[in-house]
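# Report on the structure
Now for the letters of each chain:
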Amino acid sequence: MKTSSFILAALLATLPVIGQDHKNQWQGREEFNLFDSANKEQNPTTKLRILNHWKLDYPNSDFKVDRQETIMDTYKALDNADKMLNAAIELIGLDKRNVKGLYWVCLLTVSTQDKSSEALDIADYAANGLFAAIPGFFAANKPSTTSDDDWKKTRTNMEIIGHRTLGWTAMQRGKIEIAEKEFSTVLQNNLNDTDVSLWEHKIQATIAECHDVYKKTIDKKTSDLTVREEELIHSCKALEVYN
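### A few points about the overall build of the chain
Counting its regular elements, the chain contains 11 helices and 0 strands. Ordered by position from N to C terminus, the α and β elements of the chain give α-α-α-α-α-α-α-α-α-α-α. Of all 243 residues assigned to the chain, the portion counted as buried reaches 40%. Within the chain, contacts between residues at least 6 apart in sequence are counted, and of these 57% link residues at least 24 apart.

If you want it as structure tokens, here you go:
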């Protein structure tokens, strides 16, 4: 798993190269100069300022997708997860099959613990988009120095990110059957994912406690319930564990 994770990180770090597609055209020398300045700049804060200048002056640039990827990567260099997530969301708005953007929306939504309804919807969109984009991405980008076995593991590693995301969003929504299914897929491929193991344990513990409380309430008046039991009854209904 470590080898495939390293390959995946290295691959995502090297894609794409702005200006590589000869079908794209600069809108004049000034736009190229902004790109060139941003490309050569080593300080991420300064680089970001140049990129935003370029974005403001040339919003419809032929290179706007690659530029947005670079903005996202620059926020990563600045260790700003929230801004990086916003940049990734904007990136998949420009290119719905952009694997880098889809990957980071999945990863960062979970890691930043954004549980808003909008964030969960976007994360689901990104996870499903990742599944759709993975076949073409892995068919076209295999490094010559990577073995078929390692490449297959790398693909599985990326797919796990999608399943992990769908499980986490389902858990936030109380969709236990979906969450269990997705977490099971993750753990079948990576038993060392301690976060997913913990989430799975919490789900199972809550379900067991819900069933115990439900049995007690069959012969118990609602007015006699403790605060904890009332909370569990509410949770049980939300988690749909009575069926």
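### Some details on the packing of aromatic side chains
All chains considered together, the criterion is met by 10 aromatic pairs. Here phenylalanine 137 and phenylalanine 138 contribute two aromatic rings whose centre-to-centre distance is 5.3 Å and whose plane-to-plane angle is 75 degrees, an arrangement assigned as edge-to-face. By relative accessible area, which is 5% here, phenylalanine 138 ends up buried. Grouped by ring-pair contacts, the aromatic residues Trp26, Phe32, Phe35, Trp54 and Phe63 constitute a single cluster. Sitting over the face of the ring of tryptophan 54, arginine 67 holds its NZ or CZ atom 5.1 Å from the ring centroid.

### A closer look at the nonpolar core
Counting 36 residues, the largest nonpolar core has Trp54, Met72, Trp104, Leu130 and Met158 as the members making the most contacts within it. Only helix H2 (29-40), helix H3 (44-57), helix H4 (64-77), helix H5 (81-94), helix H6 (99-111), helix H7 (117-140) and helix H8 (148-173) provide two or more residues apiece to this core. With residues near it in sequence (within four places) discarded, methionine 72 still touches Met84, Ala87, Ala88, Leu91, Lys100, Gly101 and Trp104. Core analysis: the second largest hydrophobic core is formed by 15 residues, Ala170, Met171, Val196 and Ile207 among them.

### With respect to helix H9 (residues 176-189)
Its 14 residues give H9 an end-to-end C-alpha distance of 20 Å, which sits within 8% of 20 Å, the value for a rise of 1.5 Å per residue. Within the sequence span of H9, burial applies to Ile176, Ala179, Glu182, Phe183, Val186 and Leu187. Seen along its axis, H9 keeps its buried residues to an arc of 135 degrees; they face one direction. Exposed side chains of H9 directed beyond 90 degrees from the buried face belong to Glu177, Lys181 and Gln188.

Each value, and the rule that gives it
- Residues numbered from 1 in each chain as written.
- Predicted model: local features only at pLDDT ≥ 70, side-chain atom pairs only at ≥ 80, totals over all residues.
- Heavy atoms only, no water.
- Helix = DSSP H or I, 4+ residues; strand = E, 2+ residues; numbered from the N terminus.
- Buried < 20%, exposed > 50% of the residue type's maximum accessible area, 1.4 Å probe, protein only.
- Contact = heavy atoms within 4.5 Å.
- Phe/Tyr/Trp six-rings, centres within 6.5 Å; stacked < 30°, edge-to-face > 60°.
- Lys NZ or Arg CZ within 6 Å of the ring centre and 35° of its normal.
- Core = buried A, V, L, I, M, F, W, Y, C linked by side-chain atoms within 4.5 Å.
- Expected span 1.5 Å × (residues − 1).
- Arc of directions from axis to C-beta.

Geometric descriptors of this kind do not, in isolation, establish any biological role.
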